[in-house]
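Letter by letter, the chains look like this.
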Amino acid sequence: MGKKSEKQDEAYAEAMHHAQVELVRFHKHVIKGERKVLIILEGRDAAGKDGTAKRITEHLSPRESRVVALGKPSDRDQKAWYFQRYAPHLPTSGEIVIFNRSWYNRAGVERVMGFCTDDEYEQFMQTVPMFEQLLVHCGFTLIKYYLDISQDEQKKRLERRRNDPLRQWKISPIDETALKHWNAYSTARDEMLRRTHSVFAPWTVVKADDKRATRLNIIRDLLSRCTYSGKGHGEFPDSNKVFLFDETLLSRGVMAP
C-alpha cells in the first residue's frame, strides 16, 4: 500500500509539473499578446477553490497574475452598482486574474442567507449574462468553473478545518451554516447554472471530491481551450470529471443533490 501511494504521489507530481510548465508558456503568450484572462472559481464552502487558485498561479509571474477573494462588502459597496465592486479587480492587458468567488455570491450565499432582497437577486440574474457578454465583447477571455462536491466530502473538509490549527483562517460563520443549508444551496446552484450559462460565458462543471484530480483537471481544461505559441501536447481533462454544464445533468443526478 505504501509503495502504491508513493507511486501515485510521484505520478501526480510529474503530471502537475508538466501542466504548470504549460501554464507558464500560456502566461508568456498572455503577456506578449496583451490578453485579459479572467478565471472564475465557484462552488460550495470547502469545494477546493483556494487550492486550485494556488496551483494555477504558483509559478506564474506575480506582476501579471492575481487571485481576488473579496471580503464582506462595505456600506459603500452595498450602495453601489452591484458589479462596481468587482470592476476594479478585472484583469488589464497581459494579466491573468482568478476570482476565488465572484459576483456569483449574489446567486449563492447572498440568496441562501438572505443578504439580498428578491428584487436585487432577480436584477442580478437578469443582468449578469449581459455584463459577461460585454466583457467578452471587449476582449476579455472569461472562463467559469463550478466545483461540485458531495455533502459527505464537504462535511469531512469542514471538520478538518476546525481541527487543524493551520486552517483556522478558513473558518467563517458562513461555514457553520453550510451543511445546515445544503438543500437551499443546491436549489440556488441549480438556478444559477440554468440562468447564467450562455454561449458567451458557459459554465464548466468539475467533480471536486478528489482535490488532486480537481486541480489537475482544471489546469488541463484551461490549457486545452486556449491557444498560445509553443503549446505542447498536454493531457486532456478527464471528461467524466470536467464537462460543460447542461440542464440534463441536474435531472440525471450527475451533480451533488
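What comes next concerns the included structure. Source: prediction; values computed, not measured.

Basis of the calculations
- Throughout this description, residue numbers start from 1 for each chain and increase along the sequence as written.
- Where totals are concerned, whole chains, interfaces and linings use all residues; where local detail is concerned, this predicted model gives features only for residues with pLDDT of at least 70, and gives and counts side-chain atom pairs only at 80 or more.
- Excluded from the side-chain calculation are hydrogens and water; included are all heavy atoms of the structure.
- Relative accessible area decides the class of each residue, using a 1.4 Å probe on protein chains only: under 20% of the type maximum gives buried, over 50% gives exposed, and in between gives partly exposed.
- Put simply, DSSP H or I for four residues or longer makes a helix, DSSP E for two residues or longer makes a strand, and each gets a number counted from the N terminus.
- Pairing between strands requires that DSSP locate at least two bridges from one strand to the other.
- Criterion for a salt bridge: a side-chain nitrogen of Lys or Arg within 4 Å of a carboxyl oxygen of Asp or Glu.
- Helix axes are fitted to C-alpha atoms over the stretch in contact, other axes to C-alpha atoms as well, and angles between N-to-C directions run from 0 to 180 degrees.
- This count recognises Lys and Arg as positive and Asp and Glu as negative, with His and chain-terminal groups excluded.
- In this description, contact between two residues means that some pair of their heavy atoms is separated by no more than 4.5 Å.

Of all eight residues that make up strand 1 (residues 36-43), eight are buried, and the element is covered over most of its length. Judged by which residues are buried, strand 1 turns out to be covered on both faces: Lys36, Leu38, Ile40 and Glu42 on one side and Val37, Ile39, Leu41 and Gly43 on the other are all buried. Two elements, strand 1 and strand 3 (residues 95-100), share six bridges in a ladder whose sense is parallel. Looking across to strand 3, one finds that Ile39 is bridged to Ile98.

The next thing to look at is the pattern of salt bridges. Tallied over the full model, the rule gives 19 salt bridges. In this structure, Arg162 engages Glu159 in a salt bridge whose closest nitrogen and oxygen atoms are separated by 3.1 Å. Pair noted here: Arg162 and Glu159 are both in helix 6 (residues 151-163), with a separation of three residues, about one helical turn. Residue classification places Arg162 among the partly exposed residues on the basis of a relative accessible area of 31%. Here Glu191 and Arg194 are joined by a salt bridge, their closest N and O atoms 4.0 Å apart. Highlighted residues: Glu191 and Arg194, both in helix 8 (residues 182-196), separated by three residues, approximately one helical turn. Accessibility expressed as a relative area gives 37% for Arg194, which makes it partly exposed. Sharing partners across several salt bridges, the network here consists of Glu122, Glu191, Arg194, Arg195 and Glu247.

Okay, the sheet that holds strand 6 (residues 242-244) next. Taken in spatial order, the six strands make up an open sheet running 2-3-1-4-5-6, and their pairing is mixed. The two strands at the open ends of the sheet, each matched to only one other strand, are strand 2 (65-68) and strand 6. The average undirected angle you get between the axes of adjacent strands in this sheet is 20°.

What follows concerns the side chain of Arg215. Mapped onto the fold, Arg215 is located in helix 9 (residues 211-224). Of the side chains with opposite charge, Asp210 lies nearest to the buried Arg215, which makes no salt bridge, at 8.1 Å. When neighbours within four sequence positions are excluded, Arg215 is seen to be in contact with Tyr12, Met16, Gly51, Thr52 and Arg55.

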